[in-house]
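Residues per chain are reported as follows:
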Amino acid sequence: MKTKLNSLLISHGFNLNNGEQSLYMRLSNAFKSAIKKKKLVKGYQLPPTRLLAQDMGLSRSTVIKAYEILCWENYVYAVQGSGYYVNDIKGKKIKYSLRTQKRTTKYPEISERAVHFSSSVTIMNRGDNKGIAFRPGLPPLDVFPVKQWQNLTNNYWRDIRYSDMSYRHTLGLDCLRKNIANYLKLYRNIQCDSSQIIIVTGSLHSLSIIGDLLLDKKDEVIVENPTYANALAVFKSLKAKIIPAEIDSEGLSLDSLGHVKLKRGKLIFTTPSNQYPTGVQMSLKRRLELLDWAEENNMIIVEDDYDNEFSNWESPITSIFGLDNGNRVFYQGTFNKILHPSIRLGYLIVPPHYVDSIKAMFEQSFRFISPVTQRVMSDFIEKDYLNQHLRKVVQVVNERKQFFVDQFQNVFDDSFEIQPANQGLHLMAKLPDDVCDIEISKMLIEEEIISFPYSKYFIKKRKKKEKGLVMGFSSVSKPIIKQKLEKMSRVFYEHQTNLNF
């Protein structure tokens, strides 16, 4: 261990100029104090005697004597050829001197904006849950080509120039932005200049950027109902006025907005490729109607092309961005859903007239995503690895979805059944009227099964509360799917039995 411990030891009583004790005793006592107060924990390797002597301005013999005392008193132990390590001191009596506050300390209050973010976070379907079955939105993590990614990362560091480690382009590396533009041209028939593409960490990051750019307090945002809860939380936190738009068989229903009189209309948020959570795909006719409606009402469309890689694989429908001739669509996509969430990498296509404003915002806040991740992702696309991986992912997702549906039908009766399957990474099952989806979801978490209650996706309460579970299926293997569904059925039927008593 080569950590410099000067500050730590001085804070625990070591003083070169205190002549009451020998130097080695002062040093050993400082170590004892640090170990007792858990500043140096069990298993921590102390610095080599020569290095500590150099750092502290002591002779090596002084340090050796101090270490010998610590060993003799069982504060540390020596491993031949390796060094000195902190021992387990549970058996020793430890006295702590804690500073106490004699009066209540006052701090500045958090901002009104922070209060809104704190209150809105409860809307979000998040949690540090154990396990990954059946969390919605997760891709098949076990098929990610780790070796390819590792090789590309090694190549990056092998060929690195010192100048590459300096500050990089705020909006993203040019090579990645160009490769994403080419990727979208092939997969989504999207024509855009790479200068319009901004590299972000994911969909929520994109929404935060758009919100900061366009929304003031009480500006109106039209949001699908039911909707992506995390997006709703962002808009509410930014103090926007939320206007719900119902979902019909063709997607966001403009008829449901017939009674709405906009005063400060700004944004329309939609997930047209695979509406979350219903799975409805917006028709081409409705996409064109939505563009006309946005033009008439001077509003911006935020197109979250959620799960487009799956829903547009067989019979692709042109994106709203691709149909737009008026530069009023923000298009957001992510690699977190087709690679893995921990990569934290997505992209936002911005209408040209907003690019400079967003760049100014970035310069004063976020700056940029790690250039290493960006460059490796760029190479991953350029070498056709993304295309190869995507084909494999689509195949695995389809296989696991069919297996999930078959197994679900085997273990549950008609009172709890899967809704018509969508083409994305999640499925939904409606629950009987007498079953609370929030309660069932909590019970399943205890069994390390994750599902999100459908009722929490609605912006406004309805007379008849729609209940169900939104579940992912692709992140775990078939044996785990079978095992978890059997456990899930036991929880469900035990709950129903208790309701009947």
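Residues numbered from 1 in each chain as written. Predicted model: local features only at pLDDT ≥ 70, side-chain atom pairs only at ≥ 80, totals over all residues. Heavy atoms only, no water.

Q: Tell me about the overall build of the chain, and name the residues and values.
A: When its secondary structure is counted, the chain shows 17 helices and 14 strands. Seen through its C-alpha atoms, the chain measures out along the principal axes to roughly 90 × 65 × 55 Å. Sorting the 501 residues of the chain into buried and exposed places 50% on the buried side. Taking all contacts inside the chain whose residues are at least 6 apart in sequence as the whole, residues at least 24 apart take part in 73%. Accessible area of the chain: about 26000 Å², with a carbon and sulfur share of 49%. Mean positive and mean negative side-chain charge positions of the chain (70 and 53 charges, respectively) differ by 12 Å. (Helix = DSSP H or I, 4+ residues; strand = E, 2+ residues; numbered from the N terminus. Buried < 20%, exposed > 50% of the residue type's maximum accessible area, 1.4 Å probe, protein only. Contact = heavy atoms within 4.5 Å. Areas by Shrake-Rupley, 256 points an atom, 1.4 Å probe, with all protein chains shown as cover. Lys, Arg positive; Asp, Glu negative; His and termini not counted. Charge placed at Lys NZ, Arg CZ, Asp CG, Glu CD.)

Q: Hey, could you go over a negative patch on the surface for me, with residue numbers and the actual values?
A: A cluster of acidic residues, Glu 446, Glu 447, Glu 448 and Glu 494, forms a negative patch at the surface. Position of Glu 448 relative to the elements: it lies in the loop between helix 16 (437-446) and strand 13 (452-453). (Patch = residues over 30% accessible without salt bridge, like charges linked within 9 Å, V, L, I, M, F, W, Y side chains within 5 Å. Salt bridge = Lys/Arg side-chain N within 4 Å of Asp/Glu carboxyl O.)

Q: Any chance you could break down the sheet that holds strand 14 (residues 468-472) for me, citing the residues and the numbers?
A: The sheet built from 4 strands is open, its strands ordered 11-12-14-13 with antiparallel pairing. Of all strands in the sheet, those with a lone pairing partner are strand 11 (417-418) and strand 13, marking the two edges. Those strands touched by helix 15 (residues 385-411) are strand 11, strand 12 (426-430) and strand 14, and its axis lies near 15 degrees from that of strand 12. Its contacts with the sheet place helix 16 against strand 13 and strand 14, and it is angled at close to 40 degrees to strand 14. (Pairing = 2+ DSSP bridges. Axes fitted to C-alpha atoms, helices over the stretch in contact; angles between N-to-C directions.)

Q: Could you give an account of the environment of Ser 357, with specific residues and numbers?
A: Inspection of the secondary structure assignment puts Ser 357 in helix 13 (residues 355-363). What makes Ser 357 partly exposed here is its relative accessible area of 36%.

Q: Run through the nonpolar core, naming residues and quoting values.
A: If you look at soluble globular proteins, the nonpolar side chains tend to sit buried side by side. If you look at the biggest cluster of nonpolar residues, it comprises 77 residues, and the most contacted ones within it are Phe 134, Phe 335, Met 377, Phe 404 and Met 488. Here this core takes 9 residues from helix 15, the largest share from any one element. Sequence-distant contacts of Phe 134, that is, excluding residues within four places in its chain, are made with Phe 404, Ile 449, Ile 450, Met 471, Gly 472, Val 476, Ile 481, Lys 484, Leu 485 and Met 488. (Core = buried A, V, L, I, M, F, W, Y, C linked by side-chain atoms within 4.5 Å.)

Q: Please provide a residue-by-residue account of the environment of Asn 387, values included.
A: Inspection of the secondary structure puts Asn 387 in helix 15. With 200 residues separating them in the primary sequence, Asn 387 and Tyr 187 have C-alpha atoms 9.6 Å apart. A distance of 3.3 Å separates a polar atom in the side chain of Asn 387 from a polar atom in the side chain of Asp 384. (Polar contact = N/O pair within 3.5 Å; in protein donor to acceptor, adjacent residues only side chain to side chain.)

Q: Could you give an account of the pairing of strand 3 (residues 197-200), naming the residues involved and the relevant values?
A: Burial along strand 3 is two-sided: the residues Ile 197 and Ile 199 and Ile 198 and Val 200 are all buried. As judged from the 4 bridges shared by strand 3 and strand 10 (residues 346-349), these two strands associate in the antiparallel manner. Within strand 10, the position partnered with Ile 197 by the bridge is Ile 349.

Q: Describe in detail the pairing of strand 4 (residues 220-225), supporting the description with residues and values.
A: Among the 6 residues that make up strand 4, 6 are buried, leaving the element largely enclosed by the rest of the structure. Covered by surrounding structure in strand 4 are Glu 220, Ile 222 and Glu 224 together with Val 221, Val 223 and Asn 225, the residues of both alternating faces. The pairing of strand 4 with strand 5 (residues 241-248) spans 6 bridges and is classified as parallel. Bridge pairing in strand 5 links Asn 225 to Glu 246.

Q: Quick one: what's the story with a nonpolar patch on the surface, residue by residue and with numbers?
A: Taken together, the side chains of Trp 157, Tyr 162 and Met 165 define a hydrophobic patch exposed on the protein surface, amounting to about 440 Å² of accessible area. Note that Met 165 resides in the loop between helix 6 (146-158) and helix 7 (174-187). Under the relative-accessibility criterion, Met 165 is labelled partly exposed at 48%.

Q: A description of the packing of helix 5 (residues 112-120) against helix 9 (residues 229-237) should follow, citing residues and the corresponding values.
A: With their axes 8 Å apart at the nearest point, helix 5 and helix 9 run at an angle of 155 degrees to one another. Classified by the interaxial angle, the pair formed by helix 5 and helix 9 is roughly antiparallel. The two elements helix 5 and helix 9 cross, and the hand of that crossing is right-handed. When helix 5 is examined against helix 9, the residues Arg 113, His 116, Phe 117 and Ser 120 are found in contact with a partner set consisting of Ala 233, Lys 236 and Ser 237. Considering only residue class, the contact of helix 5 with helix 9 consists of 2 nonpolar, 3 polar and 2 charged. (Parallel < 35°, antiparallel > 145°, perpendicular 65-115°, else oblique. Left-handed = near helix turned anticlockwise from the far one by under 90°. Nonpolar A, V, L, I, M, F, W, Y, C, P; charged D, E, K, R; others polar.)

Q: Hey, could you go over the packing of aromatic side chains for me, with residue numbers and the actual values?
A: Counting across every chain of the model gives 28 aromatic pairs. Summarising the aromatic geometry, the rings of Phe 144 and Trp 149 are spaced 5.9 Å apart at their centres and angled 55 degrees between planes, so their arrangement reads as tilted. Judged by relative accessible area, which is 12%, Phe 144 ranks as buried. Through a chain of ring-to-ring contacts, three or more aromatic side chains come together here, namely Phe 134, Phe 404, Phe 408, Phe 412, Phe 416, Phe 473, Phe 492 and Tyr 493. (Phe/Tyr/Trp six-rings, centres within 6.5 Å; stacked < 30°, edge-to-face > 60°.)

Q: Kindly report on the environment of Pro 453, identifying the contributing residues and their values.
A: Looking at where Pro 453 falls in the secondary structure, it is placed in strand 13. Separated by 22 residues in sequence, Pro 453 and Leu 431 place their C-alpha atoms 9.9 Å apart. Residues contacting Pro 453, with those up to four places away along its chain left out, are Asp 437, Ile 438, Ser 441, Gly 468 and Leu 469.

Q: Tell me about the sheet that holds strand 7 (residues 265-270), residues and numbers included.
A: Ordered in space as 3-10-9-8-7-4-5-6, the 8 strands form an open sheet in which the pairing is mixed. Each edge of the sheet is formed by a strand with only one pairing partner; in this case those strands are strand 3 and strand 6 (251-252). Across the sheet, helix 7 is in contact with strand 3, strand 9 (329-334) and strand 10; its angle to strand 3 comes to roughly 110 degrees.

Q: Can you explain helix 14 (residues 371-382)? Please cite residues and give values.
A: Given a rise of 1.5 Å per residue, 12 residues ought to cover 16 Å, and the 16 Å separating the end C-alpha atoms of helix 14 matches this to within 8%. Burial of helix 14 is extensive: 9 of the 12 residues sit out of reach of the surface. Among the residues of helix 14, those classed as buried are Pro 371, Val 372, Gln 374, Val 376, Met 377, Ser 378, Asp 379, Phe 380 and Ile 381. Each element contacted by the buried residues of helix 14 is listed here: helix 6, helix 7, strand 3 and helix 15. Looking at the residues trailing helix 14, positive phi occurs at Asp 384, about 70 degrees. (Expected span 1.5 Å × (residues − 1).)

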